[in-house]
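Descriptive structure summary
Below, each chain spelled out in residue letters.
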Amino acid sequence: MLWKIWHFLQNFWNGSRENFLIVEQFNGSYEITRAFRNFKKKEIVIGERFVLKNLESLKRPIKKINKLVFSLNSHSATTAETVVTLKRSRPEELINESEMDQLLYQGFWSFLNRYRGLAAKKMATNDQNLVLAYIQVREVRMGPHKLFNPIGFKGSELGLRLRGTFVSRELLSSLERFKGWGELFVFEGASVLGPVLPESGGFTVQVGEDKTTIFKVTGEEQVFAATRDWGTNLFAKGMAADLEIDENSAQLIVDFYFQDKVSPRVKRRLGTRINKNFQSLFESLGSLKKKSSINRPKFYFTFRSPFLVSVRRPKKFPGTLVRVDEELERKEFILKKKPRASGFNPLIHQNTLALLSFEYDRPKFEPLNQLLRRRVRWLIPNF
């Protein structure tokens, strides 16, 4: 009872403020961010940032959580967004609720059949072991026209934009621990930048320390494309091998290089090695580009290194940087961080900002999403 009174007072006082707990799986650990946003005041505040080795040690905050968001690696989750086009057998008749219910079910199965095999293969499991931790209608079209609810309209084709996330049943048991903490959302980490890109028709290239994950983003589809065994750790590993020193010492030298704290001679030598490392990634992206059906695809990069974001990149860098922080600034958002969030860096934590910018709730589609959840409740968890 006291919890309910406390939450009521918080809602009354905070108004349009939403409290977030974001859990991002990265490099074998979990990066935890506590933050809040207020779209009316155009304000995002990062309250706390810390790292945990396992989810079991994450404690429930005293303050109410509106949204608990899990951003998992591509081995643990598969998020896809696509447009499903459905033909109506009686296009001259108005759509009623019963038909809409059936159309949503057909759309759901089309989504399921399109991505279940890909998810199982990528996550090294079988498709019978998959469940949908998240499914949502994001857009509706009747022919070329956008609608919020097709009931009462007629036409020959209905288009549904669906976004969903597959996880394994084993992972589901871990997530169920958080039931009741707040409204729970689960995404593949590689997918979270798609909705914030300035335009579609390309790939996000998220470069980590050990791996690079590539995600395809077009107007009709957003889905995992590939991973590459390439990361920024290669710079120090290559340096350690060249100079016959340990990797920690090599990393210090690499950092000095990016900060322009080395001699011109060393700078040339290190630059040659680093550009060679970059070239192997760019060649890999070039082969992906050739196989793609996208006309003139663009590459949107994120790096977990502030030096690569703000200081040095190769002259023939084949893409642009994703800068959610700059987009928020253009929209006149105020971005703040508190002392306990000193580990948060807006230059490199673009995924976190994307999760804090995402439009989770689309009230105008809620009647359709209620129908969808009711229809497929046997395959989606009750978080």
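That block above? That's the structure.
This structure is a prediction, so every number in the text was calculated from the model and none was measured.

Rules used throughout
- Residues numbered from 1 in each chain as written.
- Predicted model: local features only at pLDDT ≥ 70, side-chain atom pairs only at ≥ 80, totals over all residues.
- Heavy atoms only, no water.
- Pairing = 2+ DSSP bridges.
- Helix = DSSP H or I, 4+ residues; strand = E, 2+ residues; numbered from the N terminus.
- Axes fitted to C-alpha atoms, helices over the stretch in contact; angles between N-to-C directions.
- Contact = heavy atoms within 4.5 Å.
- Expected span 1.5 Å × (residues − 1).
- Bend = angle between axes of the 7 residues up to and from the residue.
- Polar contact = N/O pair within 3.5 Å; in protein donor to acceptor, adjacent residues only side chain to side chain.
- Buried < 20%, exposed > 50% of the residue type's maximum accessible area, 1.4 Å probe, protein only.
- Phe/Tyr/Trp six-rings, centres within 6.5 Å; stacked < 30°, edge-to-face > 60°.
- Salt bridge = Lys/Arg side-chain N within 4 Å of Asp/Glu carboxyl O.
- Parallel < 35°, antiparallel > 145°, perpendicular 65-115°, else oblique.
- Nonpolar A, V, L, I, M, F, W, Y, C, P; charged D, E, K, R; others polar.

Let us now look at the sheet that holds strand β4 (residues 67-72). Read from one edge to the other, the open sheet built from six strands follows the order β9-β4-β1-β2-β3-β15, with strand pairing classed as mixed. Each edge of the open sheet carries a strand with a single partner, namely β9 (183-188) and β15 (334-337). Each strand of the sheet is rotated relative to its neighbour by a mean of 20 degrees, with strand direction disregarded. Sheet topology places strand β3 (residues 43-52) next to β15; four bridges connect them, and they run parallel. Residue Glu43 lies in a different strand from β15, and its bridge partner there is Ile334.

It is worth spelling out the sheet that holds strand β6 (residues 130-142) at this point. Where strands meet in a sheet, backbone hydrogen bonds hold them as pairs that are either parallel or antiparallel. The mixed open sheet is built from nine strands, whose spatial order is β7-β6-β8-β5-β12-β11-β10-β13-β14. Whereas interior strands pair on both sides, the edge strands pair on one side only; in this sheet they are β7 (145-147) and β14 (320-321). Sheet topology places strand β13 (residues 298-303) next to β14; two bridges connect them, and they run parallel. By the bridge assignment for β14, Tyr300 is matched with Thr320. Lying over the sheet, helix α10 (residues 366-375) contacts β6 and β8 (157-168), oriented at roughly 145 degrees with respect to β6.

When the terminal C-alpha atoms of helix α2 (residues 97-122) are compared, their 37 Å separation across 26 residues agrees well with the 38 Å that a helix rising 1.5 Å per residue should span. Approximately 35 degrees is the largest bend angle found in α2, and it occurs at Tyr115. Its side-chain oxygen 3.3 Å from the backbone nitrogen of Ser98, Asn96 forms the N-cap of α2. In the stretch just after α2, Ala124 is the one whose phi turns positive, near 55 degrees.

This paragraph deals with the pairing of strand β10 (residues 202-207). Among the six residues in β10, six count as buried, and that is most of the element. Across six bridges, the pairing between β10 and strand β11 (residues 212-217) is antiparallel. When the bridges of β11 are listed, Val205 appears paired with Ile214. Linking β10 back to β11 in an antiparallel pair, the connection comprises four residues.

Scanning the model with the defined rule gives 29 aromatic pairs in all. Here the aromatic rings of Phe108 and Trp109 are separated by 6.1 Å at their centres, their planes lie at 75 degrees, and the arrangement is edge-to-face. Assessed through its relative accessible area of 0%, Phe108 is described here as buried. Residue Trp109 is classed as partly exposed on the basis of its relative accessible area of 28%. Between Phe282 and Phe317, the ring centres sit 6.1 Å apart and the planes meet at 75 degrees, which makes this aromatic pair edge-to-face. Taken together, the positions of Phe282 in helix α6 (residues 264-291) and Phe317 in the loop between α7 (306-310) and β14 put the pair 35 residues apart, joining distant regions of the chain. We note that Phe282, like Phe317, is buried.

To continue, consider the pattern of salt bridges. Applying the stated rule across the entire model yields 29 salt bridges. Ionic pairing is found between Arg88 and Glu99, a salt bridge with its closest N-O pair at 2.8 Å. Here Glu99 lies in helix α2 and Arg88 lies in the loop between β5 (77-87) and α2, a separation of eleven residues in the sequence. By relative accessible area, Arg88 is classed as buried at 7%. A salt bridge links Arg141 to Glu139, with the shortest nitrogen-to-oxygen separation between them at 3.3 Å. Glu139 gets classed as buried once you look at its relative accessible area, which sits at 18%.

Attention now moves to the side chain of Gln136. Mapping Gln136 onto the fold places it in strand β6. Polar side-chain contacts of Gln136 include one of 2.7 Å to the side chain of Arg138. Within the structure, Gln136 has its side chain in polar contact with the backbone oxygen of Tyr360 (distance 3.1 Å). Leave out the neighbours within four places in its chain, and Gln136 touches Arg161, Leu162, Arg163, Tyr360 and Asn369.

This brings us to α6. The end-to-end C-alpha separation of α6 is 40 Å, in line with the 40 Å expected for 28 residues at 1.5 Å each. Turning to α6, its buried residues number three or more, namely Leu270, Gly271, Ile274, Asn277, Phe278, Leu281, Phe282, Ser284, Leu285 and Leu288.

In the contact formed by helix α5 (residues 247-258) and α6, the axes pass within 11 Å of each other and the chain directions differ by 105 degrees. On the basis of the axis angle, α5 is roughly perpendicular to α6. Of the residues in α6, those in contact with Ile253, Tyr257 and Phe258 of α5 are Lys267, Leu270, Gly271 and Ile274. The residue makeup of the contact of α5 with α6, split by class, is five nonpolar, one polar and one charged.

Looking at where Asn129 falls in the secondary structure, it is placed in the loop between α2 and β6. At 3.0 Å, the side chain of Asn129 forms a polar contact with the side chain of Thr125. Discounting residues that sit within four places of it in the chain, Asn129 has contacts with Val167, Ser168, Arg169 and Glu170.

Before going further, it helps to examine unusual backbone geometry. Although it is not a glycine, Lys42 sits at a positive phi angle of roughly 55 degrees. Position of Lys42 among the secondary structure elements: in the loop between β2 (29-38) and β3. Note on Lys42: relative accessible area 32%, which makes it partly exposed. A positive phi is found at Asp260, a non-glycine position, where the angle reads about 60 degrees. Structurally, the position occupied by Asp260 is in the loop between α5 and α6.

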